[in-house]
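Examination of the molecular architecture
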Amino acid sequence: MSWFRDSKGLMSQYVPDSNAPVPIESYEQLVSYFQDACKPRFEWKIGTEYEKLAVYADGRAVPFSGPAGIEALLQRLSDRYGWDPIPEKGHIVALRRGQASITLEPGGQVELSGEPWPTIHQAAEEFRQHVEEILAVSKELGIYFLGLGMQPFSRLEEIEWVPKRRYEIMAPYMLRVGSLGHRMMKQTATVQVNLDFGSEADAMAKMRVATGLVPLLAAMYANSPLSDGDLNGYLSYRGHVWTDTDPDRCGLLRFVFTKRASFADYVEYALDVPMYFIVRDGWIDMTAYTFREFLRKGYGAHRATMADWNSHLTTLFPEVRMKQFIEVRAADSPPLELVLSIPALVKGVFYWDDAREAAWDLVKRWSWEELVALYHDVHRAAHDARIRGIRVRDLCRELLDIAEYGLQRQGCVNEKGENEALYLERLIDQVRKGLCPAQQVRERWIGPWNREPRRMVEALAYRREALAS
């Protein structure tokens, strides 16, 4: 068995192949898993994973099943655009085409895991094609995709589970370890960015800076003020949901701020997080074991393999996660016109050394306690949150200046001679006004939309023209 994503791909969908399992015989193998992923700078690419919410015109979440459901959408994409279907339990639950894939979150959220690209211009072309394809098919089915971080109207019990065995294991476990895990699984959506690293020191520096920036990213992209049919009191309710999902595997990682943080520190963290499953002839529930326990004792006749380690790492959910690349996961899924600003911002900050150091200067003086407090505060207040008397909106402006500089210095231009900073323009305009997407949604919900779901869907639904540069 293996995962779609190797060191160059982007997927985390478990599928069978013919490779023999590699047993774990030493601790060094676990550390080498990360060391082997180091790449020279000229090979660095950006990968983006785009989750989106599917609803009908009245705002109800689209179910997985049925003639106008998510599986029907996947079938049409496969038939029309050359995507290869990935079945499970007799249903299509994912698609694959080249290095890209379309997968489903537990509540039917549709995710494009794009190919890794050297430039945002290339990622933009791929994303535009994806939007063209899903809009063509979804229109026929009466499905709309929303630029929101949270299902706005359907309650948990009204949202159908995607029939995947991993979710059958995860769902009951979530109820034991937190109160909002099912909301995370079935109602939330994000856009996350995947980064390469050149060395252990480079990887840990990126982990450290990205973790420090989590509150700023969460504030800029806060976009989940509605749930269960009305305002929920948060600007990023999705962000808040993650704080009460599973304390063992979610949140901020403190050890990345130590001066000598290393791959071994991440290994130690991952070893002590409870597992979800292993896959042999079928899926085996392993939630009673940490990976360390499984490694020491095995499970019956089963012994830990590197495929199990890879699998386990994909089930850890810190705001900044390490696999054979680094994932920045703090943003709510934004309006369509802001989607590409997320990989652009991350590339600008993290792929130019001076920019990364300048970003670190914004946050490095905060104590751990201050960072955690701000992390929670921005879920309610977004740009209006403060730390040491400084407004988050002012820090966000500085961060965008840094990202713009980093992209300009990288000098990646399109056929018009435009550099990648063009993807930040709309975000810069929004932040200069002191706004996040959620504030605009909230004001329109109680104002011109008159709390009517159909008006909201009409206003927020994906449209081709929103992607125009």
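Residues numbered from 1 in each chain as written. Predicted model: local features only at pLDDT ≥ 70, side-chain atom pairs only at ≥ 80, totals over all residues. Heavy atoms only, no water.

Quick word on the packing of aromatic side chains
Formally: Each pair of aromatic rings taken from Phe, Tyr and Trp, with Trp reduced to its six-membered ring, is defined by centres within 6.5 Å and is described as stacked if the planes are under 30 degrees apart, edge-to-face if over 60, and tilted in the remaining cases. Runs of H or I in DSSP of at least four residues are treated as helices and runs of E of at least two as strands, each being numbered from the N terminus. The rule is simple: take the accessible area with a 1.4 Å probe, protein chains only, and divide by the maximum for that residue type; under 20% is buried, over 50% is exposed, in between is partly exposed. The rule is short: NZ of Lys or CZ of Arg within 6 Å of the ring centre and within 35 degrees of the ring normal puts a charge over the ring.
What the rule picks out here adds up to 21 aromatic pairs. With a centroid separation of 6.4 Å and 50° between ring planes, the pair formed by Phe145 and Tyr462 is classed as tilted. With Phe145 in strand β8 (residues 144–146) and Tyr462 in the segment after α17 (453–460), this residue pair connects regions lying 317 residues apart in the sequence. Comparing Phe145 with Tyr462 shows no difference in burial state: the two are buried. One aromatic cluster is present, formed by Tyr33, Phe34, Phe197, Phe255, Phe263, Tyr266 and Tyr269 through successive ring pairs. In this arrangement the basic side chain of Arg329 is found over the ring face of Trp242, its NZ or CZ atom lying 5.5 Å from the centre. Sitting over the face of the ring of Tyr234, Arg380 holds its NZ or CZ atom 4.0 Å from the ring centroid.

Regarding the packing of helix α2 (residues 70–81) against helix α3 (residues 120–141)
In plain terms, the rule: Structural elements are reduced to axes, namely lines fitted to C-alpha atoms, with helices fitted over the stretch in contact, and the angle between N-to-C directions of any two is expressed from 0 to 180 degrees. Reported orientations rely on four angle classes, namely roughly parallel under 35 degrees, roughly antiparallel over 145, roughly perpendicular from 65 to 115, and oblique for the rest. The sense of a crossing depends on the near helix, which, turned anticlockwise from the far helix by less than a right angle, makes the crossing left-handed and, turned clockwise, makes it right-handed. Here a residue-residue contact requires only that any non-hydrogen atoms of the pair lie within 4.5 Å. Under the convention adopted here, Pro, Cys and the residues Ala, Val, Leu, Ile, Met, Phe, Trp and Tyr are nonpolar, Asp, Glu, Lys and Arg are charged, and Gly plus all remaining residues are polar.
Contact geometry of α2 with α3 gives a least axis separation of 10 Å together with a crossing angle of 130°. Judged on the interaxial angle alone, α3 and α2 are oblique. At the point where α2 passes α3, the crossing takes the right-handed sense. Packed against α2, whose contacting residues are Ala72, Leu73, Arg76, Leu77, Arg80 and Tyr81, the element α3 presents Glu133, Ile134, Ala136, Val137, Ser138, Glu140 and Leu141 at the interface. Here the contact of α2 with α3 is built from residues that sort into eight nonpolar, one polar and four charged.

Here's the deal with α17
The condition is simple: Working note: the arc is built from the helix axis to C-beta atom directions.
Buried within α17 are the following residues: Met456, Val457 and Leu460. Considered in projection along α17, the buried side chains sweep an arc of 100° and stay on one side of the axis. In this structure, the buried side of α17 is in contact with β3 (46–55), β8, β10 (226–227) and α16 (437–446).

What to know about the side chain of Lys206
Threshold: Under this definition, polar contacts are N or O atom pairs within 3.5 Å; protein pairs additionally need one hydrogen-donor-capable and one acceptor-capable atom, and for neighbouring residues in sequence, both atoms have to be side-chain atoms.
Residue placement: Lys206 occurs in helix α6 (residues 200–220). For Lys206, the side chain forms a polar contact with the main-chain oxygen of Asp196, separated by 2.8 Å. The contacts of Lys206, once residues within four sequence positions are left out, are Trp44, Asp196, Phe197, Ile326, Phe350, Tyr351 and Arg356.

Structural notes on the pairing of strand β4 (residues 84–88)
Note the threshold: The pairing criterion for strands is at least two bridges between them, as found by DSSP.
Note: β4 against strand β5 (residues 91–97), five bridges, orientation antiparallel. When the sheet's bridge partners are listed, Pro87 is paired in β5 with Ile92. Hairpin remark: β4 followed by β5, antiparallel, with two residues in the connecting loop; positive phi at Lys89, about 55°.

Observations regarding the environment of Arg303
Turning to its location among the elements, Arg303 is positioned in the loop between α9 (291–297) and α10 (306–313). Exposure remark for Arg303: the relative accessible area of 48% places this residue in the partly exposed category. If sequence neighbours within four positions are ignored, Arg303 has contacts with Arg280, Phe294, Lys297, Gly298 and Asp308. A distance of 2.9 Å separates a polar atom in the side chain of Arg303 from the backbone oxygen of Gly300.

Description of the pattern of salt bridges
Spelled out, the test is: Here, a salt bridge means any Lys or Arg side-chain nitrogen found within 4 Å of an Asp or Glu carboxyl oxygen.
Tallying each qualifying case throughout the model produces 33 salt bridges. A salt bridge links Arg97 to Glu133; its shortest N-O distance comes to 3.2 Å. Residue Arg97 is found in strand β5, and its partner Glu133 is found in helix α3; the two are separated by 36 residues along the sequence. Residue Glu133 is classed as buried on the basis of its relative accessible area, which comes to 5%. Of the charged contacts in the structure, one is a salt bridge between Arg391 and Asp394, with a shortest N-O distance of 3.2 Å. Taking relative accessible area as the criterion, Arg391 reaches 29% and is therefore assigned partly exposed. Taking the relative accessible area as the measure of exposure, Asp394 reaches 24% and is therefore partly exposed.

Details of the nonpolar core
It is characteristic of soluble globular proteins that their nonpolar side chains tend to be buried jointly. Just so we agree on the cut-off: In these notes, a set of buried Ala, Val, Leu, Ile, Met, Phe, Trp, Tyr and Cys residues joined through side-chain atoms within 4.5 Å is what counts as a nonpolar core.
Residues Met220, Tyr266, Trp309 and Leu345 are the most contacted members of the largest nonpolar core, which totals 149 residues. The contacts of Met220, once residues within four sequence positions are left out, are Leu345, His383, Cys396, Leu399, Leu400, Leu427, Gln430, Val431, Cys436 and Pro437. The next biggest cluster of nonpolar side chains, apart from the first, holds 13 residues, and it includes Val55, Val441, Trp445 and Val457.

Looking at α2
Put simply, the rule is: The span you would expect from a helix comes to 1.5 Å times its residue count less one.
In this model, α2 (12 residues) spans 16 Å end to end at C-alpha, consistent with the 16 Å of a helix rising 1.5 Å per residue. Along α2, the residues classified as buried are Ile70, Glu71, Ala72, Leu73, Leu74, Leu77 and Ser78. One or two residues past the end of α2 sits Gly82, with phi positive at roughly 75°.

Looking at the side chain of Glu319
Inclusion rule: In summary, the charge assignment counts Lys and Arg as positive and Asp and Glu as negative, without counting His or the chain termini.
With respect to the secondary-structure elements, Glu319 resides in the loop between β15 (317–318) and β16 (320–322). Although Glu319 lies buried, it forms no salt bridge, and the closest oppositely charged side chain, Arg238, sits 5.0 Å away as judged by the N-O distance. In this structure the side chain of Glu319 is engaged in a polar contact, spanning 2.7 Å, whose partner is the side chain of Tyr375. The contact partners of Glu319, leaving out residues within four places of it in the chain, are Val214, Trp242, Gly251, Leu252, Glu327, Val328, Arg329, Ala330 and Tyr375.

Some points on the confidence of the model for the protein
Note the threshold: Confidence per residue, as judged by the predictor, is encoded in pLDDT with a range of 0 to 100.
This prediction gives the protein a mean pLDDT of 95; 96% of its residues lie at or above 70. Every residue in residues 1–18 scores below 50 in pLDDT, and together they form 55 contacts with partners more than four places removed in sequence or on other chains.

Side note on the pairing of strand β7 (residues 110–113)
Here β7 shows two buried faces, one formed by Val110 and Leu112 and the other by Glu111 and Ser113. Direction of pairing for β3 relative to β7: antiparallel, over a ladder of four bridges. Residue pairing across strands places Lys52 opposite Val110, the latter belonging to β7. Where strand β6 (residues 100–104) lies against β7, four bridges are found, and the strand directions are antiparallel. Across the sheet, the residue bridging to Thr103 is Glu111, located in β7. Where β6 folds back on β7, the antiparallel hairpin that results is connected by five residues, among which Gly108 adopts a positive phi of roughly 90°.

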